[in-house]
Structures are given as C-alpha cells and as structure tokens.
Amino acid sequence: MGQINSPSNLLDRIKRAEDELRRMRAAIGLASATITRGGLTLLKDAFLRMVDDNDTQILYFGPDSQGRQIIRIRREGGSDVMWTGFTAAGNQFWRLTDRFNRELFSDDTETGGIARPWLPVVLYPLFLPTSTVSGYWTVETATVTESKVLWEGRIPLVSHPRIAINGVWGAINGSTSATYELIANNTVIGTWTETALIVGTRGPFPLAPLLDATNVSLQLRVTGTGGTGRTAVQLLACYTRQT
C-alpha cells in the first residue's frame, strides 16, 4: 500500500503523462503560433506548404522534384497566381498569371529584362506617301536610292532584350528591291531585303546591350534599288519582346 504513493511512483506517473502529452501534440500538430521576436528558419531543403479545406495546395515554398528552390502561389480552386520554375537550360524564371493561367508578366531568363508583356514602340512617318490607293503607304523608289530614314520614334526605357517590326515591305511595281534597316541609338540592329511585295514580321533583333537605357532613338531606314516603280514602307507594328 505504501509503495503506491511513494515519491518514485509519482515521478514515474508524471513522466508517463508528459510522454503522452508529447505524443498527442505530435499527432495533432501546431494549431496556432505567434512569433513576436526573431523568425522562422527552414534548413536543409525544408519547405513551407499551405493547403486549404478542400485539400488544394495554395502556397508552397521549397524544393521541386529535382531539389531546386521554387515558389508557387495558387488561388482558391487551384489556378496559379505566381510561380517560379526552370527552363530546359536550367535558368530560373518567375511568372504572374490570371485565373485562366494566361501569362501576364514574366522575366527573360537568357539576358534579363522583361519577357512578357510585349510593349509597343510608336514610330512616326518622316515622309509623305506617294499613294495610298493600295491601302498602304509607298514611296517612289527613285526617291530612296540614297538611304533615308522614313520612320522614327523613341523607346522611353528599354526593358526587353529584343524588338520586332511588322509591316508591308517590297516592290509594288517595276524592277525594284528595297533594303530596310532598323537602327537603335545610331547602331543598325537589324536589316532585311525584299523584292516581292510581302506583309510580315521581321526580327526579333537584339536590344539587350541597351537594357535600362532611356530615351533610345529608333529609326527605320530604307534604300531602294532598281530605280523604277514604288516601294512599300507601311509600318503596322513595332514592339519589344523576349529573347
């Protein structure tokens, strides 16, 4: 009888109760916590994960299947908000998407800068068109046998590594061909020659050396050969884009 209430017996019971409490806490997990000083540090590829009441992963910070650190944030229902990943070359990128997983904003992994969205560059004509009967602007080839800048504009801030241009190019009639040059800050960054009339995009041409430059001059220069007929110089679009 005396052994039941002995000090050693009470200590054993207390120890068993503490062990049971620890097991319960481990099984239940952390229900709530407040950190008032310091912080939470995860080491050795530990991860942070949040799952909603529908068992949908809403947030994940940690390693991917190959041990590379990524971030993924999803909306209620599971569509992506923002995530990071890797290209086939192993370069890490990040993307911001709408609820239909359309890419709204992303960075260029090759050279830096913005990948999407593509941004328009406005160019203004420096000439009077010969004729608009065809539905696009032309000049007499004889007036551009010496190279002339026919379109010009400015890029307020170069944020993308490439640029492309779309328009109507080539000969309207006669034995004409034309060479077009895209010039950024007095340096030719792209050139192409057309003979037959064509509507198309040329480029993308490199802008990476000018990343972060401001008030960059952009010109379209045309040189006609053949001396007869008309040459198309109708600009339809110009825009910066990813690599």
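Residues numbered from 1 in each chain as written. Predicted model: local features only at pLDDT ≥ 70, side-chain atom pairs only at ≥ 80, totals over all residues. Heavy atoms only, no water.

Visitor: So what's going on with the pattern of salt bridges? Which residues, and what values?
Guide: If charged atoms from side chains of opposite charge come close, those side chains can pair. Applying the stated criterion to the full structure yields eight salt bridges. Of the charged contacts, one joins Arg68 and Asp64 as a salt bridge, the two residues approaching to 3.1 Å between their closest N and O atoms. In this structure Arg68 comes out as partly exposed when scored by relative accessible area, which is 28%. By sharing partners, the salt bridges in this structure join Arg72, Arg74 and Asp80 into a single network. (Salt bridge = Lys/Arg side-chain N within 4 Å of Asp/Glu carboxyl O. Buried < 20%, exposed > 50% of the residue type's maximum accessible area, 1.4 Å probe, protein only.)

Visitor: Lay out the nonpolar core in plain terms, naming residues and giving numbers.
Guide: Counting 27 residues, the largest nonpolar core has Ile163 and Ile165 as the members making the most contacts within it. Where this core is concerned, the elements lending two or more residues are strand E11 (148-157), strand E12 (162-171), strand E13 (177-184), strand E14 (187-194), strand E16 (214-225) and strand E17 (230-241). Discounting chain neighbours no more than four positions away, the residues touching Ile165 are Leu123, Leu182, Trp192, Gly200, Thr201, Arg202, Phe205, Leu220, Leu235, Ala237 and Cys238. (Core = buried A, V, L, I, M, F, W, Y, C linked by side-chain atoms within 4.5 Å. Helix = DSSP H or I, 4+ residues; strand = E, 2+ residues; numbered from the N terminus. Contact = heavy atoms within 4.5 Å.)

Visitor: Account for the sheet that holds E14, with residues named and values stated.
Guide: Pairing within the open sheet is antiparallel, and its five strands lie in the order E9-E11-E16-E13-E14. Each of the sheet's edge strands pairs with one partner strand only, and the pair in question is strand E9 (123-125) and E14. Between one strand and the next, the sheet's axes are offset by a mean angle of 20°, whatever the strand orientation. Relative to E16, E11 runs antiparallel, the two being bridged by eight bridges. Following the sheet pairing, Val149 is matched in E16 by Arg221. (Pairing = 2+ DSSP bridges. Axes fitted to C-alpha atoms, helices over the stretch in contact; angles between N-to-C directions.)

Visitor: Report on the sheet that holds strand E5 (residues 92-97), specifying residues and quantitative values.
Guide: Across a sheet, strands are paired by hydrogen bonds formed along the backbone, either parallel or antiparallel in direction. Pairing in this open sheet of seven strands is antiparallel, and the strands run E1-E2-E3-E4-E5-E6-E7 from one edge to the other. Both outer strands of the open sheet, strand E1 (48-51) and strand E7 (114-116), are each paired with one neighbouring strand and no more. On average, each strand axis in the sheet is tilted by 15° relative to the strand beside it, whichever way the strands run. The sheet contact formed by E1 and strand E2 (residues 57-63) spans four bridges and is antiparallel. Paired with Leu48 across the strands is Phe61, a residue of E2.

Visitor: For the packing of aromatic side chains, give the residues involved together with the corresponding values.
Guide: In total, this model carries eleven aromatic pairs according to the counting rule given. Each ring, one from Trp169 and one from Trp192, has its centre 5.3 Å from the other, and the planes form 75°; the classification is edge-to-face. Taken together, the positions of Trp169 in strand E12 and Trp192 in strand E14 put the pair 23 residues apart, joining distant regions of the chain. For the pair Trp169 and Trp192, a shared accessibility class is recorded, and that class is buried. (Phe/Tyr/Trp six-rings, centres within 6.5 Å; stacked < 30°, edge-to-face > 60°.)

Visitor: Lay out unusual backbone geometry with the relevant residues and their values.
Guide: The linkage connecting Arg116 with the following residue, Pro117, adopts the cis geometry, with an omega of 5°. Mapped onto the elements of the fold, Pro117 is located in the loop between E7 and strand E8 (119-120). Following Gly203, the chain continues to Pro204 via a peptide bond in cis, the omega torsion being 10°. Position of Pro204 among the secondary structure elements: in strand E15 (residues 198-206). The phi dihedral of Asp45 is positive, around 65°, even though this residue is not glycine. The residue Asp45 is located in the loop between helix H1 (7-28) and E1 in this model. The phi dihedral of Asn101 is positive, around 65°, even though this residue is not glycine. Of note, Asn101 is situated in the loop between E5 and strand E6 (103-107).

Visitor: Tell me about the side chain of Gln234, residues and numbers included.
Guide: Note on placement: Gln234 falls in strand E17. Of the polar contacts made by the side chain of Gln234, one reaches the backbone nitrogen of Trp137; its length is 2.9 Å. The residues contacting Gln234, other than those within four sequence positions of it, are Tyr136, Trp137, Gly167, Val168 and Trp169. (Polar contact = N/O pair within 3.5 Å; in protein donor to acceptor, adjacent residues only side chain to side chain.)

Visitor: Can you explain the pairing of E5? Please cite residues and give values.
Guide: In this sheet, E5 lies alongside strand E4 (residues 80-86) in antiparallel orientation, the contact comprising five bridges. The residue bridging Phe86 from the neighbouring strand is Gln92, located in E5. Remark: five residues form the turn of the hairpin made by E4 and E5, two consecutive strands paired antiparallel; Gly90 in that turn has positive phi of roughly 90°. The antiparallel hairpin formed by E5 and E6 contains five residues in its connecting segment, where Asn101 sits at a positive phi of about 65°.

Visitor: Residues and numbers for the side chain of Asp108, please.
Guide: Examined against the element boundaries, Asp108 turns out to sit in the loop between E6 and E7. Despite being buried, Asp108 has no salt bridge partner; Arg162 is the closest side chain of opposite charge, sitting 7.0 Å away. A distance of 3.2 Å separates the side chain of Asp108 from the backbone nitrogen of Thr111, its partner in a polar contact. Of the polar contacts made by the side chain of Asp108, one reaches the backbone nitrogen of Thr243; its length is 2.7 Å. Beyond its immediate chain neighbours, meaning those up to four positions away, Asp108 contacts Gly113, Ile114, Ala115, Pro161, Gln242 and Thr243. (Lys, Arg positive; Asp, Glu negative; His and termini not counted.)

All quantities given are derived from atomic positions and should not be read as evidence of function.
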